[in-house]
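One-letter residues, chain by chain:
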Amino acid sequence: MMDRYYFGKKLQWWAREHSYLSANITGGERVLDIPLPEQYGDWAVHPCVRRIEGGLGGHEWWLALSPYPDFDSTRESILLYRGDANGDVPPTGWVFVREICGRHAQGFNSDPNLYWDGRELWVVWREC
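What you see is a predicted model, and the numbers here were worked out from it, not measured in a lab.

Helix and strand counts for the chain stand at two helices and six strands. Across the 128 residues in the chain, those meeting the buried criterion constitute 29%. Within the chain, residue pairs in contact and separated by at least 24 positions form 51% of the contacts whose partners lie at least 6 positions apart. Carbon and sulfur atoms form 53% of the exposed surface of the chain, whose accessible area is close to 8,300 Å².

Dropping the structure here:
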């Protein structure tokens, strides 16, 4: 079932992003290619991007996010991606690596954060 409160928030965001005052329309827009697995639709929130200088598994750029399909918070899972390029500039293309934490019957996951301690990449998130 759609959460009506967040539908209004998404509509406000869409109007702001597509208005003539939007920075995306006035220039500098970079389109990101973040392919969500099919069961997650096309709506993702709470992205966290980190660059690991020297790379981890040959990849410098990492991304964690939580999809929000059909405004259903019980399907808000934590997903991990790697960038499709290395270097100083964040990539526009991302490759799905794996689901870190799946859905809950009640409650949700959100706000993923990536932390590199020099040896391991940690993924932490809020679980409600």
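When you line up the elements, N86 lands in the loop between strand 3 (78-83) and strand 4 (94-101). When the C-alpha positions of N86 and E60 are compared, they lie 5.5 Å apart, and in sequence the two are 26 residues distant. Sequence-distant contacts of N86, that is, excluding residues within four places in its chain, are made with G58, H59, E60 and W61. For N86, the side chain forms a polar contact with the main-chain oxygen of G58, separated by 3.2 Å. Among the polar contacts listed, one links the side chain of N86 to the backbone nitrogen of E60, at a separation of 2.8 Å.

Further remarks concern the packing of aromatic side chains. Scanning the model with the defined rule gives one aromatic pair in all. In this structure, K10 packs its charged tip against the face of W43, placed 4.0 Å from the ring centre.

With that out of the way, let us pick up the environment of G41. Among the secondary structure elements, G41 is positioned in the loop between helix 2 (23-26) and strand 1 (44-56). Among all residues touching G41, those that are not within four sequence positions of it are L36 and P69.

So, on to the layout of surface pockets. By volume, the largest pocket is sized at about 1,100 Å³. Along its surface, the largest pocket is lined by 34 residues, and W13, W43, A44, V45 and P47 are the ones closest to its centre. Of all the elements in the fold, those that place two or more residues in the lining of the largest pocket are helix 1 (4-17), strand 1 and strand 2 (59-67). Its residues assigned to classes, the lining of the largest pocket comprises 19 nonpolar, seven polar and eight charged.

Basis of the calculations
Residues numbered from 1 in each chain as written. Predicted model: local features only at pLDDT ≥ 70, side-chain atom pairs only at ≥ 80, totals over all residues. Heavy atoms only, no water. Helix = DSSP H or I, 4+ residues; strand = E, 2+ residues; numbered from the N terminus. Buried < 20%, exposed > 50% of the residue type's maximum accessible area, 1.4 Å probe, protein only. Contact = heavy atoms within 4.5 Å. Areas by Shrake-Rupley, 256 points an atom, 1.4 Å probe, with all protein chains shown as cover. Polar contact = N/O pair within 3.5 Å; in protein donor to acceptor, adjacent residues only side chain to side chain. Phe/Tyr/Trp six-rings, centres within 6.5 Å; stacked < 30°, edge-to-face > 60°. Lys NZ or Arg CZ within 6 Å of the ring centre and 35° of its normal. 1 Å grid on protein atoms, 1.4 Å probe; cavity = no way out; pocket = protein on both sides within 12 Å on 5 of 7 lines; lining within 4 Å. Points joined across faces, edges and corners; volume = space filled by probe spheres on them. Nonpolar A, V, L, I, M, F, W, Y, C, P; charged D, E, K, R; others polar.

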